[in-house]
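These are the residues of each chain, in order.
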Amino acid sequence: MITNLISFLYDIKVEVIRKNNDGYVFLYNNNFYIFKNCQMNEEYLQYIYNFISNDSFFHKIIKNRHNKYISTYDNQNYILMMVKFNVNRMLLLEDIYNSGSYHISYVKKKDFNWIKLWKIKIDQVAYFVSNSNIKMDVLSLSIINYYLELAELAIQIFNLIPIDDYIPLSLCHNRISRNADLYDYYSVTNLVFDHITRDLGEYIKNYVYSDNLIETNQLKILNNLSVNERYMLLSRLIFPSYFFDIFDEFILNQQDFRNFYTYFLNVDQYEKNLKIVIDYITK
């Protein structure tokens, strides 16, 4: 079905295709291509694609038979991208640091949106806990209060940035999964404008919130960060996006909050990992 769809939309005959995370990869005319769903609309994708230089590693978008970036079929949006490099591998922290060195624009610290978005998330959880009729056990309530305090601490650390200077923005990602590879990272379907520490922090948090002790040899590239960048990275690391993701999932799926605590049984390990990273960044 997928090969027929590609043939219909792009007039490309695919002989062999394989699944790769949330997309499909195939070889055509000695180039690798990725076909996958796309949540962006045509206008936003065109806008953000204007900021991708030809010499970057971000995939090249292939237009469809209607000269559009996004193809719609059976109420689903798809995109086809040509890969610009030959070998795929797992994403490294160095890849993120190097790709974020190209600054697209700048924003004043007071106009930067992290704090506003974080406060909204904190207020939403606090309001729900105070005003809903859902029963929660003491342990789950304690976990919620713990992570809300962590989120407040993240805001305080961000506010410690000593100067109200301009913050450089690069092409970053909504989220970076732990099993992300270069195909995922250089896809154009998951991009936003933000500070490089967004991607650095989210990548590291994949290892902070794991059952294994984090290894500092993965963090050496962070030695190149400036003082302000270290403040921003610390705030991003301490803000518990993992907690808010799970909380939102419970709300959306109307799950029983009496099981909420089971997602945080390894909180001691999380704290150890977070302390290792904080000590490394602040040394």
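Everything numeric in this text was worked out from a predicted model, so none of it was measured. (Residues numbered from 1 in each chain as written. Predicted model: local features only at pLDDT ≥ 70, side-chain atom pairs only at ≥ 80, totals over all residues. Heavy atoms only, no water.)

**With respect to the overall build of the protein chain**
Piece 1. In terms of helices and strands, the protein chain carries 10 helices and nine strands.
Piece 2. Taking the principal axes of the C-alpha coordinates as reference, the protein chain spans close to 60 × 45 × 35 Å.
Piece 3. Of the contacts made within the protein chain by residues no fewer than 6 positions apart, 76% connect residues no fewer than 24 positions apart.
Piece 4. Here the protein chain has roughly 15,400 Å² of accessible surface; of this, 49% comes from carbon and sulfur atoms.
Piece 5. Computing the positive centroid from 28 side-chain charges and the negative centroid from 31, the protein chain places the two 3 Å apart. (Helix = DSSP H or I, 4+ residues; strand = E, 2+ residues; numbered from the N terminus. Contact = heavy atoms within 4.5 Å. Areas by Shrake-Rupley, 256 points an atom, 1.4 Å probe, with all protein chains shown as cover. Lys, Arg positive; Asp, Glu negative; His and termini not counted. Charge placed at Lys NZ, Arg CZ, Asp CG, Glu CD.)

**Looking at the nonpolar core**
Piece 1. Core analysis: the biggest nonpolar cluster contains 82 residues, and L45, L93, V188, I204, L222, F243 and F260 have the highest contact counts within it.
Piece 2. Looking at this core element by element, the count peaks at 10 residues for helix α5 (residues 138-158).
Piece 3. Leaving out residues up to four positions away in the same chain, V188 has contacts with M40, L45, Y49, I52, F58, H59, I61, I79 and M81.
Piece 4. Judged by nonpolar contacts, the second largest core, of 14 residues, contains L9, I12, V14 and M82. (Core = buried A, V, L, I, M, F, W, Y, C linked by side-chain atoms within 4.5 Å. Buried < 20%, exposed > 50% of the residue type's maximum accessible area, 1.4 Å probe, protein only.)

**Quick word on the packing of aromatic side chains**
Piece 1. Summed over all chains, the structure comprises 42 aromatic pairs.
Piece 2. Summarising the aromatic geometry, the rings of F35 and Y78 are spaced 5.1 Å apart at their centres and angled 10 degrees between planes, so their arrangement reads as stacked. With F35 in strand β3 (residues 31-37) and Y78 in strand β6 (residues 76-82), this pair connects stretches of sequence that are 43 residues apart. Comparing F35 with Y78 shows no difference in burial state: the two are buried.
Piece 3. Ring plane angle 85 degrees and centroid distance 6.1 Å describe the contact between F247 and F260, whose orientation is recorded as edge-to-face. Of the two residues, F247 sits in helix α9 (residues 241-252) while F260 sits in the loop between α9 and α10 (267-282), which places them 13 residues apart along the sequence. Pair check on accessibility: F247 and F260 agree, each one buried.
Piece 4. The ring of F8 carries the charged tip of R65 above its face, separated from the ring centre by 4.7 Å.
Piece 5. In this arrangement the basic side chain of R236 is found over the ring face of W114, its NZ or CZ atom lying 4.7 Å from the centre. (Phe/Tyr/Trp six-rings, centres within 6.5 Å; stacked < 30°, edge-to-face > 60°. Lys NZ or Arg CZ within 6 Å of the ring centre and 35° of its normal.)

**Observations regarding helix α7 (residues 196-208)**
Piece 1. Spanning 13 residues, α7 covers 18 Å between terminal C-alpha atoms, matching the ideal 18 Å at 1.5 Å per step.
Piece 2. Most of α7 is tucked away, with 13 of its 13 residues classed as buried. (Expected span 1.5 Å × (residues − 1).)

**Some points on the pairing of strand β8 (residues 166-173)**
Piece 1. Most of β8 is tucked away, with seven of its eight residues classed as buried.
Piece 2. As judged from the four bridges shared by strand β7 (residues 105-108) and β8, these two strands associate in the antiparallel manner. Among the inter-strand pairings, V107 is bridged to a residue of β8, identified as I167.
Piece 3. Sheet analysis places β8 next to strand β9 (residues 191-194), joined by four bridges and oriented antiparallel. Directly across from S170, in β9, lies its bridge partner D194. (Pairing = 2+ DSSP bridges.)

**Digging into the pattern of salt bridges**
Piece 1. Under the definition given, this model contains 11 salt bridges.
Piece 2. Residues D22 and K36 are paired through a salt bridge, measuring 3.3 Å at the closest nitrogen-oxygen approach. Taken together, the residues span a long stretch of sequence, with D22 in the loop between β1 (17-20) and β2 (23-28) and K36 in strand β3 at a distance of 14 residues.
Piece 3. The class for D22 is partly exposed, based on a relative accessible area of 47%.
Piece 4. Taking the relative accessible area as the measure of exposure, K36 reaches 7% and is therefore buried.
Piece 5. The partner of E202 in a salt bridge is K205, with the nearest N and O atoms 3.1 Å apart. Placement of both E202 and K205 in helix α7 is noted, with a separation of three residues, approximately one turn of the helix. (Salt bridge = Lys/Arg side-chain N within 4 Å of Asp/Glu carboxyl O.)

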